[in-house]
Amino acid sequence: NGGVGLGLAICSKQAELMGGSISVVSARGQGSTFSVRLPVTAAKAAARPGEAATGQLQTILVVDDDPVTREVARLMVGKAGHKVQAAASGEAALKTLRRRSFDLVMLDMHMTGIDGSETTLAIREITGIAQPRIVALTADVSPETMRRMRAAGLTTILSKPITSAALLQVIGRGSNRGGRSPAVALSSEQPVDTSFFRTQRG
């Protein structure tokens, strides 16, 4: 009824990220039954409504031109209690950042139009705003991509596909610097974090 057909794709990706699977049984004239299987364990403690997993609510802008990835990230961030907004391009992100401030920008590196590195440089040139932290979203570990990210001042990477745990940990770095994070720290001496590179194999 007027949808854009993302619901099943989002469910499939969410199930995959949680270590589960989704299947369908369909019979002509009788309809379809979708089943989702997820590994679950009993929760040790219930979080209070609206309490963020990182202990501090933040305003976050998710920027990705892939609608499924963008919506999954938005749902993950919002479910943790953070205030989240999404943008479908670097150009849209820049317009949004000129109107309101964010604590963190999660930025896809490969987008149509201006890419993540170009968007980062443009964000840093916006005057009169509190500059947000910027986290790069990518599965690309090519030397050229790493060089462009370093040149743009991007030093934190969140590996795709994004998992909920990794996402919340990297968000938490702003308020809990003592915590460990799966994000990559780039430097001129170590242009590619070895643990990040291992996650891209296979």
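To be clear, the structure that these remarks concern was listed above.
The model shown is predicted, which means the values in this text are computed figures rather than measured ones. (Residues numbered from 1 in each chain as written. Predicted model: local features only at pLDDT ≥ 70, side-chain atom pairs only at ≥ 80, totals over all residues. Heavy atoms only, no water.)

(A) Representation of the pattern of salt bridges within the structure. One pass over the full model with this rule turns up 5 salt bridges. Residue D115 is joined to R148 by a salt bridge in which the shortest nitrogen-to-oxygen separation is 2.5 Å. With D115 in the loop between strand 5 (104-108) and helix 4 (116-124) and R148 in helix 5 (residues 143-151), this pair connects stretches of sequence that are 33 residues apart. Note on D115: relative accessible area 14%, which makes it buried. Given a relative accessible area of 28%, R148 falls into the partly exposed group. A salt bridge links E144 to R147; the nearest nitrogen and oxygen atoms lie 2.8 Å apart. Of this pair, E144 and R147 both sit in helix 5, 3 residues apart, which is roughly one turn of that helix. Members of the salt-bridge network, linked through shared partners, are D64, D108 and K160. (Salt bridge = Lys/Arg side-chain N within 4 Å of Asp/Glu carboxyl O. Helix = DSSP H or I, 4+ residues; strand = E, 2+ residues; numbered from the N terminus. Buried < 20%, exposed > 50% of the residue type's maximum accessible area, 1.4 Å probe, protein only.)

(B) Focus on the environment of I157. Along the polypeptide, I157 turns up in strand 7 (residues 156-159). For the pair I157 and L137, spaced 20 residues apart in the sequence, the C-alpha separation amounts to 6.0 Å.

(C) Expanded view of the pairing of strand 1 (residues 21-27). Judged from the 7 bridges that link them, strand 1 and strand 2 (residues 31-37) form a sheet pairing that is antiparallel. The residue bridging I22 from the neighbouring strand is V36, located in strand 2. The turn joining strand 1 and strand 2, which pair antiparallel and follow one another in sequence, is formed by 3 residues; a positive phi near 85 degrees is taken by G29. (Pairing = 2+ DSSP bridges.)

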